[in-house]
Amino acid sequence: MFKIAVLISGNGSNLEALIDACNKNIIKGKIDIVISNNPEAYGIVRARSSNINNKIIDNKEFETREDFDLALSQEIQKTNPDLIVLAGFMRILTPVFIEHFIDKIINIHPSLLPKYPGLNTHKSVIENGDTKHGITIHFVNQILDGGKIIAQGEISVKKNETEEELKKRIHSLEHIMLPKVVSKFADGSIHKD
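Rules of the game
- Residues numbered from 1 in each chain as written.
- Predicted model: local features only at pLDDT ≥ 70, side-chain atom pairs only at ≥ 80, totals over all residues.
- Heavy atoms only, no water.
- Helix = DSSP H or I, 4+ residues; strand = E, 2+ residues; numbered from the N terminus.
- Rg over C-alpha atoms; globule rule 2.2 N^0.38 Å.
- Buried < 20%, exposed > 50% of the residue type's maximum accessible area, 1.4 Å probe, protein only.
- Lys, Arg positive; Asp, Glu negative; His and termini not counted.
- Charge placed at Lys NZ, Arg CZ, Asp CG, Glu CD.
- Axes fitted to C-alpha atoms, helices over the stretch in contact; angles between N-to-C directions.
- Parallel < 35°, antiparallel > 145°, perpendicular 65-115°, else oblique.
- Left-handed = near helix turned anticlockwise from the far one by under 90°.
- Contact = heavy atoms within 4.5 Å.
- Nonpolar A, V, L, I, M, F, W, Y, C, P; charged D, E, K, R; others polar.
- Core = buried A, V, L, I, M, F, W, Y, C linked by side-chain atoms within 4.5 Å.
- Pairing = 2+ DSSP bridges.

This next bit is on the overall build of the protein chain. Along the protein chain, the regular secondary structure elements total six helices and seven strands. Mapped in sequence order, the helices and strands of the protein chain form the string β-α-β-α-β-α-β-α-β-α-β-β-α. Whereas a compact globule of 193 residues would reach a radius of gyration of roughly 16 Å, the protein chain reaches 16 Å, a difference of no more than 12%. Once the C-alpha set of the protein chain is aligned to its principal axes, its extents read approximately 50 × 40 × 35 Å. Here the protein chain, with 193 residues, has 50% of them falling under the buried criterion. The distance from the centre of the 24 positive side-chain charges to the centre of the 25 negative ones in the protein chain is 6 Å.

Take the packing of helix H1 (residues 13-23) against helix H2 (residues 42-49) next. Where H1 meets H2, the axes come as close as 9 Å, and the angle between the chain directions of the two elements is 20°. Taken together, the axes of H1 and H2 are roughly parallel relative to one another. In the packing of H1 onto H2, the handedness of the crossing is right-handed. Of the residues in H2, those touching H1 at Ser 13, Leu 15, Glu 16 and Ile 19 are Gly 43, Arg 46 and Ala 47. Here the contact of H1 with H2 is composed, by residue class, of three nonpolar, two polar and two charged.

The subject of this paragraph is H1. Counting buried positions along H1 gives eight out of 11 residues, so the element sits mostly inside the fold. Listing the buried residues of H1 in full gives Ser 13, Asn 14, Leu 15, Ala 17, Leu 18, Ile 19, Ala 21 and Cys 22. For H1, the elements touching its buried residues are strand S1 (2-8), strand S2 (29-36), H2, strand S4 (83-86), strand S5 (105-109) and helix H6 (163-186).

Before going further, it helps to examine the nonpolar core. It is characteristic of soluble globular proteins that their nonpolar side chains tend to be buried jointly. Of all hydrophobic cores here, the largest spans 39 residues; its most connected members are Ile 31 and Ile 106. In this structure, Leu 72, Ile 76, Ile 84 and Val 140 belong to the second largest nonpolar core, which totals 18 residues.

To continue, consider the pairing of strand S6 (residues 132-139). Within S6, seven of the eight residues are buried, leaving the element largely enclosed by the surrounding structure. Relative to S6, S5 is paired through four bridges, and the arrangement is antiparallel. Within S6, the residue paired with Asn 107 across the bridge is His 138. As judged from the seven bridges shared by S6 and strand S7 (residues 149-156), these two strands associate in the antiparallel manner. When the sheet's bridge partners are listed, Ile 137 is paired in S7 with Ala 151.

Following this line, the structure appears as C-alpha cells:
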C-alpha cells in the first residue's frame, strides 16, 4: 500500500481533498499520518474525524528550526511514507529534513512558479495587474519554492476580482489538482528522475 504523510499548518482543506480521494480509491494508497506544527490547526480535527493517525509537533517548543525539523523527521520515519505532501504547511524546511527525504517531498504553492515564491501571492497578482494566476505542485529542495515543477494549473483573473475571491478560486483548483498528482505518484506514473 502506497503510504502518504501530510504536513499541515491550518484549515486542512487540501488534506480533506486527499482524504476524499483516498476514500474513493482515486488515490490508490492511504494517508498514514497527518502532522501539524500548529496546535490550533483545524486540519487535525479533519484527520481525527477520519481516524487518521495524527500528531502535533509545535515548532514554538523548539529552540532552532533544525531541532524542530529533526523531531519532525524522527516522527515521519516511524511510518516511512512513500510520499510527503506539504498541504498548507507554513514552515520553511531545513536541510536536516529535506536531505533525509530527498525526492519524496512535494509542495502545493498558490502561484505559477517561478513567479511569486513565498507568501502573499494573490495580493501580488492583483497589485501587478496579472491576467493569469494559478498553482504549482513541485518537489521540495533547499530553494524556497524552487524545486522541480511537477504540474501547474492556471485560471484567468477576473476584472475587479478581490484577493479573497481569487484565493477561493485558487483553493478550488488546488482541491482538484493535488489529489490527481498524488494519485499519479501512487500508481507510479510520476517519479523523480
